[in-house]
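As a plain string of letters, each chain reads:
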Amino acid sequence: MSQYNNQSAGANSPPPMSTGPAPPPPIGYPTNEPSHGSAAPVKVETNSKGDGFFKGCLAAMCCCCALDICF
C-alpha cells in the first residue's frame, strides 16, 4: 500500500479564519479611545536643553588653538 493513499485531502488546508472580535491591545498600548475617565490626551511640554554641546566644542577648539600657540 502506498503512503499517499493514507493522507486525507484536508490535511494540508489552512486553518479557518476567525470572525470573532479582535483581542484587546496590550496594557499600556496607546489607543484612540479615551480610558480611565480622561476626556482629552495630556499635552506634554518639552524644554530645550540649550546649546551646551556647541559651547563645549568651541571651548575645546579654543583650548587646542591656545595650546598650539604656547607650544
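Residues numbered from 1 in each chain as written. Predicted model: local features only at pLDDT ≥ 70, side-chain atom pairs only at ≥ 80, totals over all residues. Heavy atoms only, no water.

Participant: Please clarify how the overall build of the protein should be interpreted in this entry.
Facilitator: Helices and strands together make up the secondary structure of the protein, namely one helix and zero strands. Taking all 71 residues of the protein together, 0% fall into the buried category. In the structure as shown, the protein presents an accessible area of about 7,700 Å², 63% of it carried by carbon and sulfur atoms. (Helix = DSSP H or I, 4+ residues; strand = E, 2+ residues; numbered from the N terminus. Buried < 20%, exposed > 50% of the residue type's maximum accessible area, 1.4 Å probe, protein only. Areas by Shrake-Rupley, 256 points an atom, 1.4 Å probe, with all protein chains shown as cover.)

Participant: Help me understand the packing of aromatic side chains in this model?
Facilitator: Working definition: an aromatic ring pair is given by the centre-to-centre distance plus the angle between the planes. Enumeration over the complete set of coordinates arrives at one aromatic pair. Taking 5.6 Å as the distance between ring centres and 75° as the angle between the ring planes, the aromatic pair formed by Phe53 and Phe54 counts as edge-to-face. We classify Phe53 as exposed; its relative accessible area is 61%. (Phe/Tyr/Trp six-rings, centres within 6.5 Å; stacked < 30°, edge-to-face > 60°.)

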